[in-house]
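Residue-level listing of the chains:
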Amino acid sequence: MARFVTLTPAAMTWEGQTTGFEDAALDHAKELDKFLAEVERRAFRIAQVGLRDVDDALDVVQDAMLKLVRHYAAKPSAEWRPLFYRILQNGIRDVQRRRTLRKRLMTWLPGPKQDAEGAELDPLDAAADPGPDGAERLMQSQAIQKLEASLRALPARQREAFMLRNLEGMDVAETARAMRCSEGSVKTHYSRAVHSLREQLGEVW
Amino acid sequence: MQQQNPPDLETRSRALFDASVAAIDMRVQSRLNVARHAALDAAAGNRRFRLRLPMVSAAAGMAAAALIAVALWSSWPTGAPPAPIGTGNGRTGLEDLDIVAASGSGSGDALDMMRDDVEFYAWVAAGADQASAGDRG
């Protein structure tokens with residue numbers, strides 16, 4: 001009787017030795033690791049801008065990573081970025097919806113009111129580490145806070161288009177895939193976002 | 001980019017965003033690393049499961065076939081084949097086993113069949129056992 005069974009041409013064996021198939025899987029895992037390491041910090045900042053909370057932003061990024069590797073790891077690596085940011089944006093919207101619901105419920109409940117949305121952004125979260133050039137860093141910190149406040153004031157789709165297109169550097173086609181809309185819609189949302197930001201930040205900048 | 005989008009706003013906002021990304025503290029970076037490794041470990045676990053599943057299924061199918069064979073043979077103590085079950089077409093348990101064995105050659109249908117419905121074949125075997133006992137009694 002045959003001692004091992006070959007299930008694929010890549011010689012996967014009954015005994016479980018390392019095979020060509022497994023080597024390819026390991027390479028794929030390394031590629032995924034590299035991709036996630038590249039996007040995780042920027043994804044966190046995008047989530048933080050949308051949610052104004054470090055822990056919620058970390059949760060959303062982690063959830064996006066898990067969903068990407070579980071459901072889309074087999075996709076070509078060129079598709080990971082728009083897919084990842086689509087999952088991330090969905091996660092951000094889910095948290096925002098939950099907060100809105102919680103806020104409505106809290107208004108009907110007795111006891112002290114807690115307003116997660118109303119909490120002011122802790123400047124320490126956005127501030128850079130103090131360095132030798134403190135004044136410049138402080139100005140930079142204030143500028144990014146103003147930018148974030150202006151971004152939060154935008155309609156969600158305009159904010160997504162601006163953040164993905166400009167801050168994340170995705171092209172129109174990738175942004176359209178991430179936002180699940182047409183390229184024309186991306187251009188419209190982006191153009192309106194830039195116009196609104198200019199109005200809000202023009203005097204300051 | 002298009003003409004109506006002034007490059008100063010886009011360039012400055014991108015530079016500020018890049019600076020804020022670079023200023024992410026070590027605590028957050030550490031948590032991001034942990035999240036990434038957790039996600040990749042979950043994916044690796046899924047992949048190992050998928051790689052082993054066909055082999056486990058094949059082994060389970062073979063074990064089920066062996067179990068049914070033993071059950072059919074044990075229900076045949078007097079040399080007389082067990083009574084046919086249900087259909088009344090005179091087909092014996094041995095013939096059933098032959099059919100199962102024949103359909104398994106090359107196609108793997110028998111293993112798939114038994115893997116899909118092991119409980120049914122165990123019930124068939126039990127029925128054969130009872131019928132045989134009834135004949136003897």
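Just so it is clear, the model here is predicted, and its values are computed rather than measured.

What follows covers the overall build of chain B. Along its length, chain B carries five helices and zero strands. Along chain B, from the amino end to the carboxyl end, the secondary structure elements read α-α-α-α-α. Of all 137 residues assigned to chain B, the portion counted as buried reaches 17%. Restricting the contact set of chain B to residue pairs at least 6 apart, pairs at least 24 apart contribute 66%.

It is worth spelling out the overall build of chain A at this point. Across its full length, chain A holds eight helices and zero strands. Along chain A, from the amino end to the carboxyl end, the secondary structure elements read α-α-α-α-α-α-α-α. Within chain A, buried positions represent 33% of all 205 residues. A separation threshold of at least 6 residues defines the contact pool for chain A, and within that pool the share at least 24 residues apart is 48%.

This part covers the packing of helix H2 (residues 54–71) of chain A against helix H3 (residues 80–108) of chain A. Residues and elements named next belong to chain A. Look at H2 against H3: their axes get within 9 Å of each other, and the N-to-C directions meet at 135 degrees. Viewed along their axes, H2 and H3 adopt a mutual orientation that is oblique. In this structure, H2 meets H3 at a crossing whose hand is right-handed. Contacts between H2 and H3 involve Asp56, Val60, Val61, Asp63, Ala64, Lys67 and Leu68 from the former and Trp80, Leu83, Phe84, Ile87, Leu88, Gly91, Ile92 and Val95 from the latter. Its residues placed into classes, the contact of H2 with H3 shows 11 nonpolar, one polar and three charged.

Let us now look at helix H6 (residues 156–167) of chain A. All names here are of chain A. Between its terminal C-alpha atoms H6 stretches 15 Å, which fits the 16 Å expected from 12 residues at 1.5 Å a residue. Of all 12 residues that make up H6, 10 are buried, and the element is covered over most of its length. Those residues of H6 that sit buried are Gln158, Arg159, Glu160, Ala161, Phe162, Met163, Leu164, Arg165, Asn166 and Leu167. Directly beyond the C-terminal end of H6, a positive phi value near 75 degrees is found at Gly169.

This paragraph deals with the packing of helix H5 (residues 134–153) of chain A against helix H8 (residues 183–201) of chain A. Residue and element names in this part refer to chain A. Across the interface, H5 lies against H8 with an axial gap of 10 Å and an inter-helix angle of 135 degrees. In terms of axis orientation, H5 runs oblique to H8. Like other packed secondary-structure pairs, H5 and H8 cross with a definite hand, here right-handed. On H8, the residues touching Lys146, Leu147, Ser150 and Ala153 of H5 are Leu197, Gln200 and Leu201. Residue classes in the contact of H5 with H8 are distributed as four nonpolar, two polar and one charged.

Turning our attention to H5 of chain A. All names here are of chain A. Spanning 20 residues, H5 covers 29 Å between terminal C-alpha atoms, matching the ideal 28 Å at 1.5 Å per step. Among all positions of H5, only Ile144, Leu147, Glu148, Ser150 and Leu151 are buried. Buried residues of H5, seen end-on, are gathered within an arc of 160 degrees and therefore sit on one face of the element. Opposite the buried face of H5, by more than 90 degrees, sit the exposed residues Gly134, Ala135, Met139 and Ala153.

Side chains that are nonpolar tend, in soluble globular proteins, to be buried together. Residues and elements named next belong to chain A. Counting 47 residues, the largest nonpolar core has Ala43, Ala47, Val60, Val61, Ala64, Met65 and Leu88 as its most contacted members. Per element, the largest residue contribution to this core is nine residues, and it comes from helix H1 (residues 20–51). For Ala47, the residues in contact, after removing those within four places along its chain, are Ala57, Val60, Val61, Leu88 and Ile92.

This paragraph deals with the confidence of the model for chain A. Overall, the predicted model of chain A reaches an average pLDDT of 82, with 76% of residues at or above 70. Counting interchain partners and residues more than four positions distant, the pLDDT-below-50 stretch residues 1–16 of chain A has 23 contacts.

Residue and element names in this part refer to chain A. Residues other than glycine seldom take positive phi values, yet Arg52 does so here, at roughly 60 degrees. Inspection of the secondary structure assignment puts Arg52 in the loop between H1 and H2. A residue is classified by how many C-beta atoms lie within 10 Å of it, and Arg52, with 21 of them, is buried.

Conventions used here
Residues numbered from 1 in each chain as written. Chains lettered and ligands numbered in written order. Predicted model: local features only at pLDDT ≥ 70, side-chain atom pairs only at ≥ 80, totals over all residues. Helix = DSSP H or I, 4+ residues; strand = E, 2+ residues; numbered from the N terminus. Buried ≥ 20, exposed ≤ 12 C-beta atoms within 10 Å, placed from the backbone. Contact = placed C-beta atoms within 7 Å. Axes fitted to C-alpha atoms, helices over the stretch in contact; angles between N-to-C directions. Parallel < 35°, antiparallel > 145°, perpendicular 65-115°, else oblique. Left-handed = near helix turned anticlockwise from the far one by under 90°. Nonpolar A, V, L, I, M, F, W, Y, C, P; charged D, E, K, R; others polar. Expected span 1.5 Å × (residues − 1). Arc of directions from axis to C-beta. Core = buried A, V, L, I, M, F, W, Y, C linked by C-beta atoms within 7 Å. pLDDT = per-residue confidence, 0-100.

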